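Now for the letters of each chain:
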Amino acid sequence: MKKLAIALLTLTLVFNLCACGQSSSSAASASSAASTSAASSEAASEATSEAVSSEAASSAASASETAVSADAAATASATTGLYTNLDQAALLEAIGQFKGLCNVSTVNADGTPNIAIFVPGVADDSHIFFNWADNATKANVLREKTAIMSYDIADPTAEEKAGRHSGAVVKLELEEDADVLAQLQEANESVSEASVVLKIVEVLPVG
């Protein structure tokens with residue numbers, strides 16, 4: 001009986017030791033799994049943060065490129081220097097000699113654009129005029145008080161491309177001052193009460 005009791009006690013101790021070992025192993029595994037999960041979460045968080053930062057940087061770069069492109073498009077005509085060799089005096093001289101082709105752009109009553117070819121005359125060093133019959137351009141100018149004119153002098157014999165055209169884009173404003181109109185009519189017999197006289201507001205580059 002004594003030997004049997006000792007044997008049972010020994011088996012009980014061995015069983016308890018095994019149970020403790022398994023519990024410790026499970027705890028260690030759980031701790032290891034938790035550590036791995038935390039590390040994975042941190043790595044995922046860092047990756048997400050880097051991705052967001054990269055996307056933000058990419059968006060900022062794209063916005064910057066767009067702004068530069070828009071700015072370049074807006075200022076291109078002021079920087080090319082092509083087809084823009086006519087200042088106001090040279091433009092008026094060319095008009096007086098009927099050297100070029102004139103297009104007048106206006107806005108119709110419904111907001112749509114209108115453009116037509118006409119032959120302008122020079123009233124003085126700051127005015128041009130048109131002896132228009134009743135047409136859409138005349139109606140638009142009298143209503144809106146403004147117009148845009150392009151003037152192009154072509155030279156197809158020029159060796160260089162930049163020399164094949166010269167001219168300007170001109171902002172025009174309807175002259176309504178009665179005293180100015182009277183003076184222009186007195187000084188220039190081609191200007192009559194029926195003429196539409198336009199003041200040159202600004203001479204701009206072409207292209």
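Residues numbered from 1 in each chain as written. Predicted model: local features only at pLDDT ≥ 70, side-chain atom pairs only at ≥ 80, totals over all residues. Heavy atoms only, no water.

S.K.: What's the story with the overall build of the chain in this structure? I'm lost.
M.R.: For the chain, the helix and strand inventory stands at 4 helices and 7 strands. Mapped in sequence order, the helices and strands of the chain form the string α-α-β-β-β-β-α-β-β-α-β. Considering only intrachain contacts with a sequence separation of at least 6, the fraction spanning at least 24 residues in the chain is 68%. Entry remark: accessible area of the chain is about 13,500 Å², with carbon and sulfur atoms responsible for 58%. (Helix = DSSP H or I, 4+ residues; strand = E, 2+ residues; numbered from the N terminus. Contact = heavy atoms within 4.5 Å. Areas by Shrake-Rupley, 256 points an atom, 1.4 Å probe, with all protein chains shown as cover.)

S.K.: Can you walk me through the pairing of strand 4 (residues 127–130) in this structure?
M.R.: Side chains His127 and Phe129 of strand 4 all project onto a buried face; the interleaved residues Ile128 and Phe130 project onto the opposite face, where all are buried too. Note: strand 3 (residues 121–124) against strand 4, 3 bridges, orientation antiparallel. If you follow aspartate 124 over to strand 4, its bridge partner there is histidine 127. Connecting strand 3 to the antiparallel partner strand 4 that follows it, the hairpin turn spans 2 residues. Pairing of strand 4 with strand 7 (residues 196–204), which is carried by 4 bridges, proceeds in the antiparallel orientation. (Buried < 20%, exposed > 50% of the residue type's maximum accessible area, 1.4 Å probe, protein only. Pairing = 2+ DSSP bridges.)

S.K.: So what exactly am I meant to see when it comes to the side chain of lysine 138 here?
M.R.: The topology assignment puts lysine 138 in helix 3 (residues 136–144). The class of lysine 138 is buried, set by a relative accessible area of 16%. Beyond its immediate stretch of four places on either side in the chain, lysine 138 contacts Trp132, Ala133, Ala194 and Val196.

S.K.: Would you mind showing me how to read the nonpolar core here?
M.R.: In a soluble, globular protein the nonpolar side chains are often hidden away together inside. Within the largest apolar cluster, 22 residues are counted, with the highest numbers of intra-cluster contacts made by Ile128, Phe130, Met149 and Leu198. Elements with a minimum of two residues in this core: helix 2 (88–96), strand 1 (101–107), strand 4, strand 5 (146–154), strand 6 (165–174) and strand 7. Contacts of isoleucine 128, omitting those with residues within four sequence positions, involve Leu92, Ile95, Pro120, Gly121, Ala123, Met149, Leu172, Val196, Val197, Leu198 and Ile200. Membership of the second largest hydrophobic core comes to 5 residues, among which are Ala123, Phe129, Val191 and Val197. (Core = buried A, V, L, I, M, F, W, Y, C linked by side-chain atoms within 4.5 Å.)

S.K.: Can you help me understand unusual backbone geometry in this one?
M.R.: Among all residues except glycine, the phi angle is most often negative; among peptide bonds, the trans geometry is most common. A positive phi angle, near 55°, is found at phenylalanine 98, a position not held by glycine. One can find phenylalanine 98 in the loop between helix 2 and strand 1. One non-glycine residue, lysine 145, adopts positive backbone phi at about 70°.

S.K.: Would you mind going over the packing of aromatic side chains with me for this structure?
M.R.: How two aromatic rings sit relative to each other is set out by the distance from centre to centre and by the angle between their planes. The final tally for this structure, using the stated rule, is 3 aromatic pairs. Centroid distance phenylalanine 130 to tryptophan 132: 4.5 Å. Interplanar angle 10°. Geometry classified as stacked. No difference in accessibility class separates phenylalanine 130 from tryptophan 132, as the two residues are buried. Among the aromatic side chains, those forming a connected cluster through ring pairs are Phe118, Phe130 and Trp132. (Phe/Tyr/Trp six-rings, centres within 6.5 Å; stacked < 30°, edge-to-face > 60°.)

S.K.: Where do I start with the environment of glutamine 185 in this structure?
M.R.: Its place among the elements puts glutamine 185 in helix 4 (residues 178–187). Between the C-alpha atoms of glutamine 185 and serine 195, which are 10 residues apart in sequence, the distance is 9.2 Å. Ignoring any residue separated from it by four or fewer positions in sequence, one finds glutamine 185 in contact with Val191, Ser192 and Glu193.

S.K.: Help me out: how do you make sense of the pairing of strand 5 in this one?
M.R.: In the case of a regular strand, side chains alternate between the two sheet surfaces. Of the two faces of strand 5, only the one carrying Ala147, Met149, Tyr151 and Ile153 is buried; Thr146, Ile148, Ser150, Asp152 and Ala154 on the other face are not. Bridge count for strand 1 against strand 5 is 5 bridges, and the pairing is antiparallel. Paired with leucine 101 across the two strands is aspartate 152, which belongs to strand 5. Examined bridge by bridge, strand 5 and strand 6 share 9 bridges and lie antiparallel to one another. Paired with methionine 149 across the two strands is valine 170, which belongs to strand 6.

S.K.: Can you help me understand the confidence of the model for the chain in this one?
M.R.: Note that predicted coordinates carrying low pLDDT should not be read in detail. Scored by pLDDT, the chain comes out at a mean of 75, with 59% of its residues at no less than 70. Confidence over residues 1–5 falls short of pLDDT 50; this stretch has 0 contacts with residues more than four positions distant or in other chains. (pLDDT = per-residue confidence, 0-100.)

S.K.: Would you mind going over helix 3 with me for this structure?
M.R.: An α-helix turns once every 3.6 residues. As a result, residues three or four positions apart point the same way. Taken together, the buried positions of helix 3 are occupied by Thr137, Lys138, Asn140 and Val141. Across the axial projection of helix 3, the buried residues extend over an arc of 165°, all falling on one side. Buried residues along helix 3 sit in contact with strand 1, strand 2 (113–118), strand 5, strand 6 and strand 7. Two to three positions downstream of the cap, the backbone nitrogen of threonine 137 sits 3.2 Å from a side-chain oxygen, assigning the N-cap of helix 3 to asparagine 135. Downstream of helix 3 by a residue or two, lysine 145 has a phi angle that is positive, lying close to 70°. (Arc of directions from axis to C-beta. Polar contact = N/O pair within 3.5 Å; in protein donor to acceptor, adjacent residues only side chain to side chain.)

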